[in-house]
Amino acid sequence: MRRRDVVLGLPALGLAASVGCAHEAVKYSTRPERFDRDGIFHVGNSTHLIVLGGVHVLTDPWLKDPADKILQHRIPPAALPIDVDVLLLTHEHEDHFDVEALALVDKRAVVVVPTWLEARTRALGFQDVRAVKAGDRLNDVGGLSVDVVRARHDVDEVVYRFGDDHRRIFFGGDTLPTPEITALATAVDQGGCDFAILPADAGALMGTRRVMNVDEALAMATAFGVDQEGKGCMLTHHEFELTSAVWSLIVDVKPVDVSRLPSWFTAPAPGQFLSFPWSSP
Ligand SMILES: [Zn+2]
Ligand SMILES: [Zn+2]
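Residues numbered from 1 in each chain as written. Chains lettered and ligands numbered in written order. Predicted model: local features only at pLDDT ≥ 70, side-chain atom pairs only at ≥ 80, totals over all residues. Heavy atoms only, no water.

Caption draft 1: Highlighting the coordination of the zinc ion (ligand 2). Bound to the zinc ion (ligand 2) are the protein donor atoms Asp 95 (OD), His 96 (NE2), Asp 174 (OD) and His 237 (NE2), situated 2.0 to 2.2 Å from the metal. Taken together, the four donor atoms surrounding the zinc ion (ligand 2) define angles of 79 to 171° at the centre, an arrangement classified as irregular. Counting the intervening residues between successive donors of the zinc ion (ligand 2) yields the motif D-H-x77-D-x62-H. Distance-wise, the zinc ion (ligand 1) is placed 3.4 Å from the zinc ion (ligand 2), both being coordinated by Asp 174. (Donors = N, O, S within 2.8 Å, 3.2 Å for Na, K, Ca; no water. Tetrahedral: all angles 85-135°; square planar, octahedral: opposite > 155°, others 65-115°.)

Caption draft 2: Focus on the sheet that holds strand 21 (residues 273-274). With mixed pairing, the seven strands of this open sheet are ordered in space as 9-8-7-5-4-3-21. What marks the edges here is a single partner per strand, and that holds for strand 9 (129-132) and strand 21. Here strand 7 (residues 86-88) pairs with strand 8 (residues 110-114) via three bridges, running parallel. Pairing of Leu 87 across the sheet is with Val 111, part of strand 8. (Pairing = 2+ DSSP bridges. Helix = DSSP H or I, 4+ residues; strand = E, 2+ residues; numbered from the N terminus.)

Caption draft 3: Examining the coordination of the zinc ion (ligand 1) more closely. Protein-derived coordination of the zinc ion (ligand 1) comes from His 91 (NE2), His 93 (ND1), His 153 (NE2) and Asp 174 (OD), at a distance range of 2.1 to 2.6 Å. Metal-centred angles of 85 to 160° between the four donor atoms at the zinc ion (ligand 1) mark the site as irregular. Motif for the zinc ion (ligand 1), donor spacing along one chain: H-x1-H-x59-H-x20-D. In this structure His 93 comes out as buried when scored by relative accessible area, which is 15%. (Buried < 20%, exposed > 50% of the residue type's maximum accessible area, 1.4 Å probe, protein only.)

Caption draft 4: Quick peek at the pairing of strand 4 (residues 47-52). The buried count for strand 4 comes to six of six residues, which makes it a mostly enclosed element. Judged by which residues are buried, strand 4 turns out to be covered on both faces: Thr 47, Leu 49 and Val 51 on one side and His 48, Ile 50 and Leu 52 on the other are all buried. The pairing of strand 3 (residues 39-44) with strand 4 spans five bridges and is antiparallel. What sits directly across from Ile 40, in strand 4, is Ile 50. Linking strand 3 back to strand 4 in an antiparallel pair, the connection comprises two residues, with Asn 45 at a positive phi of about 50°.

Caption draft 5: Spotlight on helix 5 (residues 214-224). Among the residues of helix 5, Val 214, Ala 217, Leu 218, Met 220, Ala 221 and Phe 224 are the ones counted as buried. Taken end-on, helix 5 shows its buried residues confined to a sector of 160°, consistent with a single buried face. Considering only its buried residues, helix 5 is in contact with strand 13 (168-171), helix 4 (179-186), strand 14 (195-199), strand 17 (232-236) and strand 20 (265-266). Two to three positions downstream of the cap, the backbone nitrogen of Asp 215 sits 3.2 Å from a side-chain oxygen, assigning the N-cap of helix 5 to Asn 213. (Arc of directions from axis to C-beta. Contact = heavy atoms within 4.5 Å. Polar contact = N/O pair within 3.5 Å; in protein donor to acceptor, adjacent residues only side chain to side chain.)

Caption draft 6: How the structure looks around unusual backbone geometry. Geometrically, the link from Asp 65 to Pro 66 is a cis peptide bond, its omega value of -5° lying close to zero. If you trace the backbone, Pro 66 turns up in the loop between strand 5 (55-59) and strand 6 (71-73). Despite not being glycine, Asp 68 has its phi angle at roughly 50°, a positive value. By the secondary structure assignment, Asp 68 is in the loop between strand 5 and strand 6.

Caption draft 7: Molecular detail of the confidence of the model for the protein chain. Residue-level pLDDT values for the protein chain average 88, and 88% of them are 70 or greater. Note that residues 1-31 has pLDDT below 50 and, in this model, 41 contacts with residues that lie over four places away or in other chains. (pLDDT = per-residue confidence, 0-100.)

Caption draft 8: Here's a closer look at the packing of aromatic side chains. Per the counting criterion, the structure on display carries six aromatic pairs. Ring pairing ties together the aromatic residues Phe 35, Phe 41 and Phe 273, which thus form one cluster. Over the ring of Phe 126 we find Lys 107; its NZ or CZ atom is 4.8 Å from the centre of that ring. (Phe/Tyr/Trp six-rings, centres within 6.5 Å; stacked < 30°, edge-to-face > 60°. Lys NZ or Arg CZ within 6 Å of the ring centre and 35° of its normal.)

Caption draft 9: A look at a nonpolar patch on the surface. Together, Met 206, Val 246, Leu 249 and Ile 250 make up an exposed nonpolar region whose accessible area comes to about 450 Å². Note that Ile 250 resides in the loop between strand 18 (240-242) and strand 19 (251-252). According to the relative accessible area criterion, Ile 250 is partly exposed, its value standing at 32%. (Patch = residues over 30% accessible without salt bridge, like charges linked within 9 Å, V, L, I, M, F, W, Y side chains within 5 Å. Areas by Shrake-Rupley, 256 points an atom, 1.4 Å probe, with all protein chains shown as cover. Salt bridge = Lys/Arg side-chain N within 4 Å of Asp/Glu carboxyl O.)

Caption draft 10: Examining the side chain of Thr 178 more closely. By the secondary structure assignment, Thr 178 is in the loop between strand 13 and helix 4. Relative accessible area serves as the criterion here: at 2%, Thr 178 is assigned to the buried category. Separated by 2.9 Å, the side chain of Thr 178 and the backbone oxygen of Arg 150 make a polar contact. Polar side-chain contacts of Thr 178 include one of 3.1 Å to the backbone nitrogen of Ile 181. Beyond its immediate chain neighbours, meaning those up to four positions away, Thr 178 contacts Arg 150, Ala 151 and Arg 152.

Listed below in structure tokens is the structure:
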């Protein structure tokens, strides 16, 4: 573990203090932990710290309840790792874009965010913000490549496949299947991935489904080729509930029957660290 307590701007603060300015230094991570092996630390719902080739990638952070007034954690999240190299954000729902959680994250992280959320992300203090649209491919995001793929949800969303020279991971936010995701999964050249993180709660709004169901998740996993030995898949976006039964008049969230998931499709608990199938124990 390496400690990364850093206070930037100390010389500037000293200078500022000497001239009576009240600007505060920007404090970065006070959390000392860095994971020293590859795998996924499951924080809760769609929030995961994915360690790939030593790069720490955080997805869609959510801590605060309620989210968008409607959702709250059904299972409390684990402590949020905030010493992060890359931050991937899919869409603005508060269970994926929680301003209070984002405020905790190291502002030196490279943030990949859809174009319509760029200004909001910069306003939070992040300096290296890569505004993307579906179809983009970024070749150096903290040493990783990132493919940006069109999602389908009740608001605009993108999802991501990212990786290094050895392994690639797909993060599915909370989307339905889309032709673009299928095309990425099945491309003859550069298709598939080594590990997929997929929602499967069949969430619906006003009677229209907005998130894939278990069958669709299993089909997507098969298309990506992660149902094979040495690869794998993880359930995401299923640890919430409605804040009030009244909301069930417009929102339908079906708890995932995890007993339907095959052995290669895992559902870790918040706080659990999951080694990749190819990782040495
Ligand atoms: Zn959403
Ligand atoms: Zn969501």
